[in-house]
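So the chains spell out like this:
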Amino acid sequence: MQVLEEKHKLATRWFHWLNFPLLTMMIVSGMLIYWSYDPYRIGFGGVTLFHFFPDWVYNSTHIDHKLAWGMALHFLFAWIFAVNGLAYVTYTLVSGEWRELWPEKKSFAEALQVMKHDLNSRVPLPAQGRYNAAQRITYSAIVLMGGLSLLTGLAIYKPVQLNWLTALAGGYEWARWEHFWLTMGYLGFFGIHIAQVIRAGWSNFRSMVCGYEVTNVQ
Amino acid sequence: MSSNSKIPLTPEQELQRRSRRSFMVLGAGAVAGMAGLTWVNSGPTEDNLPARLRSALGFNEGVVRTALFDNSHLAKTYPASAIGEIKVNGEFGMDEDLDPASWALEVTSFGATRPSAKLNMDDVRKLPRYEEIINFKCVEGWSTVTQFAGARLSDFTARFAPGSEKAECVGMKTPDEAYYVGLDMPSAMHPQTLLAYEMNGQPLEDEHGAPLRLVIPVKYGIKNIKRIGSIEYTNTRPADYWGERGYDWYAGL
């Protein structure tokens, strides 16, 4: 028999779909700011394997020479991004749904099994609740990273008034470095997330929008 | 017994109905979001920034000034070994060579309509000398640990423009008035705000703003005006070179 099964709560879906454009705005306006001083790279000593970012990125996206606008956008949308993120965390804690999200002791071993399954579907997927072990770890990490982005952002924004926070981040320059690499982390997450969503198929994607999926029960 | 004339939806039909509605909400939300973003960036501009973004900066300034700013919050200071090589990053207002003999600092006290004092470097040097090694932060994102020495702007104000602390703002200009900054009074009176005449143990060089420049660690570098020619205490926000070019007037750290 087919039944309608609730996969994602209304609140979770709203927080998710608000966060997506908000985080995009934060990244784009952050890029407008980063352009004016772009020292980060992957490399060692004098060898640079990849510079963030090569000229073709700036030239093709036209993000150059927009520092003032970028700062204004960043410091406006940061409020909305923070409110949505904090509301999500509060909701998850109060509703108890964090129990379905936060990694359990066994999650770290199981996540390996999930990865093996993803690479070779003959490996069975471990039994799971709403989220599998890899999802628990990744989605929890993303929420933590959001908190760290807020804190390192504040450490860069007000390094004198919040000098204790800047010190906690390891200083002004480290705070900017951390803020940047957290952002690169989101881009990496986004790539994997989209690939997994495509792999999981339409019904799964639709359940993130409307909340439900049709499942077969005995 | 009454019977419902409608045939109950199958789970698949119910899902179709729900998802149609949800995708319409998602689409409407996307349109609303784009409209909101367009709205924020449209409308009149104020000093080369969309006025609505300008108000957001003003809102942030209000939050910071009421909830966060305190003169006891100090910029971190460093040992001499941390001093780096600061780059020269602004020559506005310094096109002409400086004639040290003809340089004078005009001070207009709060409420005065004409300059109330004309000072030379000896007047400034008579004030207590303070040294600080701070991380000088450019709005572009880079920063360099630098040593400065000079007189506190608060001491200067008490000595040469007594009573002017009551003003809401301070404005400073280069002698040719090509570069100018506006400061809020609390930041101007911060104990680390100096009128500096020495940098890294040497007399201030021309390219770094000789003979007298502002060092204000609670602000980005754009506010740290070089080669000050005049100081005015006022209640109206003084013009600010980069504030007129799209940047936050407050620019506080």
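Cut-offs applied
Counting from 1, residues in each chain are numbered in the order their sequence is written. By the order in which they are written, chains take letters starting at A while ligands take numbers starting at 1. A pLDDT threshold of at least 70 governs which residues receive local features in this predicted model, and a stricter bar of 80 or more applies before side-chain atom pairs are shown or counted, although totals over entire chains, interfaces and linings include all residues. Numbering of helices and strands runs from the N terminus, with a helix taken as a DSSP run of H or I at least four residues long and a strand as a DSSP run of E at least two residues long. Note on burial: count the other C-beta atoms lying within 10 Å of the residue's C-beta; 20 or more is buried, 12 or fewer is exposed, in between is partly exposed, and C-beta positions come from the backbone. In this description, any two residues whose backbone-derived C-beta atoms lie within 7 Å of each other are considered to be in contact. We compute the radius of gyration over the C-alpha atoms and compare it with the globule rule, which gives 2.2 Å times the number of residues raised to the power 0.38. Helix axes use the C-alpha atoms of the stretch in contact, all axes being lines fitted to C-alpha atoms, and the angles between their N-to-C directions lie in the range 0 to 180 degrees. Each angle gets one of four labels, with under 35 degrees taken as roughly parallel, over 145 as roughly antiparallel, 65 to 115 as roughly perpendicular, and the rest as oblique. Left-handed is the label given to a crossing in which the near helix is rotated counterclockwise from the far helix by less than a right angle, and right-handed is the label when the rotation is clockwise. Three categories are distinguished: nonpolar for Ala, Val, Leu, Ile, Met, Phe, Trp, Tyr, Cys and Pro, charged for Asp, Glu, Lys and Arg, and polar for the others, with Gly belonging to the last. Each nonpolar core comprises buried Ala, Val, Leu, Ile, Met, Phe, Trp, Tyr and Cys residues, the members being joined through C-beta atoms within 7 Å. Residue-level confidence of the predictor, termed pLDDT, takes values from 0 up to 100. Pairing between strands is defined by DSSP: at least two bridges between the two strands are required.

Helices and strands together make up the secondary structure of chain A, namely nine helices and four strands. Across chain A, helices and strands are ordered from the amino to the carboxyl terminus as β-α-β-β-α-α-α-α-α-α-α-α-β. Taken over 218 residues, chain A has a buried fraction of 24%. Considering only intrachain contacts with a sequence separation of at least 6, the fraction spanning at least 24 residues in chain A is 63%.

Next up on the list: the overall build of chain B. Scanning chain B from N- to C-terminus turns up five helices and 12 strands. Since a compact globule built from 253 residues should have a radius of gyration of about 18 Å, the 27 Å found for chain B marks it as more spread out than a globular shape. C-alpha extents for chain B along the principal axes are approximately 105 × 45 × 35 Å. Counting all 253 residues of chain B, 38% fall into the buried class. A separation threshold of at least 6 residues defines the contact pool for chain B, and within that pool the share at least 24 residues apart is 68%.

This paragraph deals with the packing of helix α3 (residues 67–95) of chain A against helix α2 (residues 51–67) of chain B. Contact geometry for α3 of chain A and α2 of chain B: axes closest at 9 Å, N-to-C directions at 60°. Taken together, the axis directions place α3 of chain A and α2 of chain B in an arrangement best described as oblique. Crossing handedness for the pair α3 of chain A and α2 of chain B: left-handed. Only Leu 53, Ala 56, Leu 57 and Asn 60 of chain B of α2 of chain B make contact with α3 of chain A, whose side of the interface consists of Ala 72, Leu 73, Phe 75 and Leu 76 of chain A. For the contact of α3 of chain A with α2 of chain B, the residue count by class is seven nonpolar, one polar and no charged.

It is worth spelling out unusual backbone geometry at this point. Omega for the peptide link from Phe 52 of chain A to Phe 53 of chain A comes to 0°, which places this bond in the cis form. Backbone torsion omega between Ala 210 of chain B and Pro 211 of chain B reads 0°, so that peptide bond is classified as cis. In this fold, Pro 211 of chain B is placed in the loop between β10 (202–203) and β11 (213–215). Phi is positive for Asn 200 of chain B, close to 50°, though the residue is something other than glycine. Here Asn 200 of chain B is to be found in the loop between β9 (194–199) and β10.

Grouped together as the largest cluster of nonpolar side chains are 70 residues, with contacts concentrated most on Ala 72 of chain A together with Met 172, Leu 195 and Ala 196 of chain B. At nine residues, the largest contribution of residues to this core is made by α3 of chain A.

So, on to the interface of chain A and chain B. On the chain B side, the residues contacting the 29 residues of chain A number 35 residues. For the side of chain A that touches chain B, the elements supplying multiple residues, two or more each, are β1 (2–6), α1 (10–34), α3, α8 (172–200), α9 (202–210) and β4 (212–216) of chain A. A per-element tally of the side of chain A that touches chain B places α3 of chain A first, with eight residues.

Looking at chain B as a whole, the pLDDT averages 95, with 98% of positions reaching at least 70. Model confidence for the complex: the whole-complex pTM is 0.94, and ipTM, which rates the interface, is 0.93.

It is worth spelling out the environment of Arg 125 of chain B at this point. All names here are of chain B. For Arg 125, the location among the structural elements is in helix α3 (residues 121–125). Using a count of 12 C-beta atoms within 10 Å as the deciding quantity, one classes Arg 125 as exposed. Sequence separation between Arg 125 and Tyr 197 is 72 residues, and the spatial gap between their C-alpha atoms is 8.6 Å.

Residue and element names in this part refer to chain A. With four bridges joining them, strand β2 (residues 41–44) and strand β3 (residues 47–51) adopt antiparallel strand pairing. Within β3, the residue paired with Gly 43 across the bridge is Thr 48. Two successive antiparallel strands, β2 and β3, enclose a turn made up of two residues, where Gly 45 displays a positive phi of approximately 55°.

For the rest of this paragraph, the subject is the sheet that holds strand β12 (residues 230–234) of chain B. All names here are of chain B. With respect to topology, five strands assemble into an open sheet ordered β4-β3-β12-β7-β8, the strand pairing being mixed. In this open sheet, the two edge strands, each paired with only one partner strand, are β4 (117–119) and β8 (180–184). The mean inter-strand angle of the sheet, taken between neighbouring strand axes irrespective of direction, is 20°. As paired elements, strand β7 (residues 169–173) and β12 share five bridges and run antiparallel to each other. Note on β12: the bridge partner recorded for Val 170 is Tyr 233.

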